[in-house]
2 protein chains.
Amino acid sequence: MAEPLRIALAGLGTVGAGLVRLVETNGALIERRAGRPVRIAAVSARDRSKDRGVDLSPYIWEDDMTALSARADVDVVVELVGGADGPALTTARGALKAGKALVTANKAMIAHHGMELAELAEGQGVALKFEAAVAGGIPVIKGLREGAAANRIERVYGILNGTCNYILSTMETTGREFADVLAEAQALGYAESDPTFDVEGVDAAHKLAILAAIAFGARIDFPAVDIGGIGRVRAADIAQAAALGYRIRLLGIADCADGSLLAGGGLFQRVQPYLVPQHHPLAAVDGATNAVVAEGNFSGRLLFEGAGAGDGPTASAVAADIIDIARGDIGAPFSIPVAELEQREAADSGHRTSRAYLRFTVTDRPGVLAEIATAMRDGGVSIESLIQQGRPEEGGEVLVAMVTHEGPEANVAQALQLLEGSASLTEPPLVMRLLA
Amino acid sequence: MAEPLRIALAGLGTVGAGLVRLVETNGALIERRAGRPVRIAAVSARDRSKDRGVDLSPYIWEDDMTALSARADVDVVVELVGGADGPALTTARGALKAGKALVTANKAMIAHHGMELAELAEGQGVALKFEAAVAGGIPVIKGLREGAAANRIERVYGILNGTCNYILSTMETTGREFADVLAEAQALGYAESDPTFDVEGVDAAHKLAILAAIAFGARIDFPAVDIGGIGRVRAADIAQAAALGYRIRLLGIADCADGSLLAGGGLFQRVQPYLVPQHHPLAAVDGATNAVVAEGNFSGRLLFEGAGAGDGPTASAVAADIIDIARGDIGAPFSIPVAELEQREAADSGHRTSRAYLRFTVTDRPGVLAEIATAMRDGGVSIESLIQQGRPEEGGEVLVAMVTHEGPEANVAQALQLLEGSASLTEPPLVMRLLA
């Protein structure tokens, strides 16, 4: 049997401990499939004394995480610390500079520093892999980078945050409100105590920026993602969407204005709650499940679905990267070398057209509807259907929802600008596009 | 830029012509992603004069397919002739023996001769790849072989034949009968003029046998697949299933009695129409779409969905294999070397337990129900619910359907044996399991 591949683990949280368990449980079959044994050589984390439910005594312990990269008996450093910067980034840089391969599940770090790290890896001729950074256990990076490699990708989109999908699908089945379901999710451990990154769409945006770079051969441009969260979605919106034949899902969507890898079209990246038609496969994705769709010019629509988080699925994706490395795969991290990735401008979303769901929260008095309708007309927005919820809610609020015909997003923005400052609106309007 | 990878196409049917179109259309991006150009060097098919909608004049034409393998200017032979034996097999063997890599979309050939061809490829140190042989454009071989490589696969199953799925889902939405929908599908070109391989489950069984070998580290054992088709499913069965909360789908399912890669459990492989719970993702798969689920001990349930056939998607999968080869991937075709694959016995399905839907077509006379119920009791089959369709169909037939409690499949077989030759039954009972 060939030489073992020796890995070092930086970070021993749930995913790190899960990876230790996976390598112990499935070590024999990994050896058969990788063609060589995969061995944990050394580990490091902040607190040595913490009980992680796995026996760490067989492995060398380093108090100093950066020391892992200096070890001659380590081939691959696995960074599972988390956080865009700090010890995670120091460890990642150190590993690559020392000529070690790097495997990470860290979406924030890749979204912010992926270009620098990939350049480092390419310069050293070592692998940088991050399958677990996007959609947990689902092999979607591989699906895009290799499975769909022969295609011009026309669009990539999906459900990239399990917490949001859990909250939205629970709101849907129970009719409860956001804050209520979020609190329960936190109590159950499905949502972080600080859920900002999840519910405001930042986590999904990290993942989308990574997917978009691979799909479109572009440099990662996380700051250009148009990010919205789910905090303003109400049970009434979900009920309204259902009546219209839609389900509300937080989607990350990216495409290129000209759709080609080699021409210079703008890169469009958006994370927002969307109305997804009930017959679309993403509408059936409930709970913490993730799913990604890639539309290729020859493959047609490919869908990848599975667990988006959790120690087992995430460790499975990390280990798949390790096995790829054991098999000798050290291809370009972003499918094509960083130097060849294109710096794309952010697409101007004003020129995009869509159908939109608009929901206004208004005071219950005469003339409000006329005011809204006039603004729509003046903005050039054509209304397909209008739903007024007759019964005032708490505090005398009435919800007015409408679906527009397909039209420029700029027109909707203009119409809403005309309503800005109106005394009739009790909060800013909520805009959600319909997935086409 | 590195040396081009030079391919030769054997077979220029719809997929072959699709591949020519793909390489012409997406050549520039393939070069970027593969790190080197992919060039078609030579082509061969039976009839040179046929118009295939693509310009073949830039490529060397060989009248003799086997001559492709002898060409010094060819690195990869792409076999798209089809058929388990004959010219396809001759071409495949010739290519590998000549030290060329082989890419094929030929499920029948791999199901019947995959072990021999893989051994040849391994002996020569060249690649043998067949992503397009299973589930068309969906990268599911890659998903299992690489994406889920760190997992013990507990079960692999899915919708592997687009024609059957089109027929079943059309029967479902229209209420029409099998023969009627099949005839329409043939007229529309969705089904072959001889649909036997599709509707009798043989095509799905070829694909299942390939998936099972990779998932369970076993030698391909196509003859051991328990194969059934959809020809006996009636519109009434579909309506009945819907009333119970299920949809009928032709599934291929495989698992290992002990679930492990390394121990000696029996290999269970079955292609049969199943009742799929309406909330299961496979129930939502309509039309000619394919979908495969892999359940890993760490990844949990992974789903891969997309177009299962067609020139574009199939060419996309073939080209993905070619790009992998261009990148230097020549790993074992079945994930682990053929010599290490295990020869597994076929699992004895009698010991398996399931819930089953049984449908009897009976004459409309007293005592029939008692006769059936008695046979069930004597066979040890416990009935969960019984549905008798009151109104006799054409010819005085009445349909009696039931769902059993979970129990040994052997008991159902025994109960049905007790009814064999009964004058009350106008045709053999139809048995379909419920997907658990």
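Residues numbered from 1 in each chain as written. Chains lettered and ligands numbered in written order. Predicted model: local features only at pLDDT ≥ 70, side-chain atom pairs only at ≥ 80, totals over all residues.

K.L.:
Explanation requested: the overall build of chain A in the structure shown.
P.N.:
In terms of regular secondary structure, chain A is built from 13 helices and 18 strands. For a compact globule of 436 residues, the expected C-alpha radius of gyration is about 22 Å, and chain A comes in at 24 Å, within 12% of that figure. Once the C-alpha set of chain A is aligned to its principal axes, its extents read approximately 80 × 50 × 35 Å. When burial is assessed residue by residue, chain A has 55% of its 436 residues classed as buried. Considering only residue pairs separated by 6 or more positions, chain A has 76% of its internal contacts joining residues 24 or more positions apart. (Helix = DSSP H or I, 4+ residues; strand = E, 2+ residues; numbered from the N terminus. Rg over C-alpha atoms; globule rule 2.2 N^0.38 Å. Buried ≥ 20, exposed ≤ 12 C-beta atoms within 10 Å, placed from the backbone. Contact = placed C-beta atoms within 7 Å.)

K.L.:
Help me out: how do you make sense of the sheet that holds strand β6 (residues 128-129) of chain A in this one?
P.N.:
Whenever strands of a sheet pair, they do so through backbone hydrogen bonds, lying parallel or antiparallel. Residues and elements named next belong to chain A. Taken in spatial order, the six strands make up an open sheet running β3-β2-β1-β4-β5-β6, and their pairing is parallel. Each edge of the sheet is formed by a strand with only one pairing partner; in this case those strands are β3 (60-61) and β6. Both strand β5 (residues 101-104) and β6 contribute to a ladder of two bridges, which runs parallel. Bridging from a neighbouring strand, Leu-102 pairs with Leu-128 of β6. (Pairing = 2+ DSSP bridges.)

K.L.:
Just checking my understanding: could you explain the pairing of strand β14 (residues 356-363) of chain A for this structure?
P.N.:
Residue and element names in this part refer to chain A. β14 sits mainly inside the fold: seven of its eight residues count as buried. The pairing of β14 with strand β18 (residues 425-434) spans six bridges and is antiparallel. Paired with Tyr-357 across the bridge in β18 is Met-432. For β14 and strand β16 (residues 397-404), the ladder comprises seven bridges, and the chain directions are antiparallel. Note on β16: the bridge partner recorded for Leu-358 is Met-402.

K.L.:
Before we go on, may I ask you to explain the domain arrangement of chain A in this structure?
P.N.:
Many structure descriptions define interface size as the accessible area lost when the parts assemble. Split by domain assignment, chain A resolves into domain 1 (5-133), domain 2 (140-307) and domain 3 (351-434). On a C-alpha basis, the centroid separation for the pair domain 1 of chain A and domain 3 of chain A is 50 Å. (Domains from an automatic or database assignment.)

K.L.:
When you look at the interface of chain B and chain A in this model, what are you seeing that I'm missing?
P.N.:
Opposite the 48 residues of chain B that make contact, chain A presents 48 residues. Listed by contribution, the elements that provide at least two residues to the side of chain B that touches chain A are α1 (14-34), α5 (140-147), β12 (300-307) and α11 (311-326) of chain B. Inspection of the sheet shows strand β12 (residues 300-307) of chain A paired to β12(B) by three bridges, in the antiparallel sense. Bridge assignment links A:Glu305 to a residue of β12(B), and that residue is B:Leu303.

K.L.:
Where do I start with helix α9 (residues 202-216) of chain A in this structure?
P.N.:
One turn of an α-helix holds 3.6 residues; hence residues three or four places apart share an orientation. All names here are of chain A. Spanning 15 residues, α9 covers 21 Å between terminal C-alpha atoms, matching the ideal 21 Å at 1.5 Å per step. Taken across its 15 residues, α9 has 14 buried, putting it largely inside the fold. Looking one or two places after α9, you find Gly-217, whose phi comes out positive at around 60°. (Expected span 1.5 Å × (residues − 1).)

K.L.:
What's the story with the sheet that holds strand β6 (residues 128-129) of chain B in this structure? I'm lost.
P.N.:
Residues and elements named next belong to chain B. What the six strands build is an open sheet, ordered β3-β2-β1-β4-β5-β6; its pairing is parallel. A single partner strand is all that each edge strand has here, and the edge strands are β3 (60-61) and β6. Note that strand β4 (residues 76-79) and strand β5 (residues 101-104) share four bridges and pair parallel. Bridge pairing in β5 links Glu-79 to Thr-104. Each of β1 (5-10), β2 (38-44) and β4 is contacted by α1, which is oriented at about 160° to β2, the strand it contacts most. With respect to the sheet, helix α3 (residues 86-97) is in contact with β1, β4, β5 and β6, its orientation differing from that of β4 by roughly 165°. (Axes fitted to C-alpha atoms, helices over the stretch in contact; angles between N-to-C directions.)

K.L.:
Would you explain the environment of A:Val271 in this entry?
P.N.:
Residues and elements named next belong to chain A. You can see Val-271 is positioned in strand β10 (residues 267-277). C-alpha of Val-271 to C-alpha of Gly-201: the two residues are 70 residues apart in sequence and 6.3 Å apart in space. When neighbours within four sequence positions are excluded, Val-271 is seen to be in contact with Gly-201, Ala-204, Ala-205, Leu-208, Val-225, Ile-227, Gly-228, Leu-250 and Gly-252.

K.L.:
I tried to follow the environment of A:Val81 on my own but got confused; where do I start?
P.N.:
Residue and element names in this part refer to chain A. Turning to its location among the elements, Val-81 is positioned in the loop between β4 (76-79) and α3 (86-97). The class of Val-81 is buried, set by 25 C-beta atoms lying within 10 Å. Each C-alpha atom, one on Val-81 and one on Ala-105, is 8.7 Å from the other, the two residues being 24 residues apart in sequence. Sequence-distant contacts of Val-81, defined by excluding residues within four places in its chain, comprise Ala-10, Gly-11, Pro-87, Ala-88 and Thr-91.

K.L.:
What's the story with the pairing of strand β11 (residues 289-296) of chain A in this structure? I'm lost.
P.N.:
On a regular strand, each side chain points to the face opposite its neighbour's, so the side chains alternate between the two faces of the sheet. Extensive coverage of β11(A) is indicated by the burial of seven of its eight residues. Where β11(A) folds back onto β12(A) in an antiparallel hairpin, the turn is made up of three residues.

K.L.:
Which parts of the structure should I look at to understand the relation of the copies chain B and chain A?
P.N.:
Both copies of the chain are related by a screw-like operation: a rotation about an axis and a shift along it. Note on the copies: chain B fits chain A at an RMSD of 0.0 Å, the axial shift is 0.0 Å, and the rotation between them is 180°. Expressed as a symmetry operation, the mapping of one chain copy onto the other fits a two-fold axis. Ranked by how close their C-alpha atoms come to the rotation axis, the residues of chain B are headed by B:Phe304, at 2.5 Å. The residues that chain B uses at the interface reappear at the interface of chain A in 100% of cases, marking a shared surface. (Least-squares fit on C-alpha atoms with pLDDT ≥ 70 in both.)

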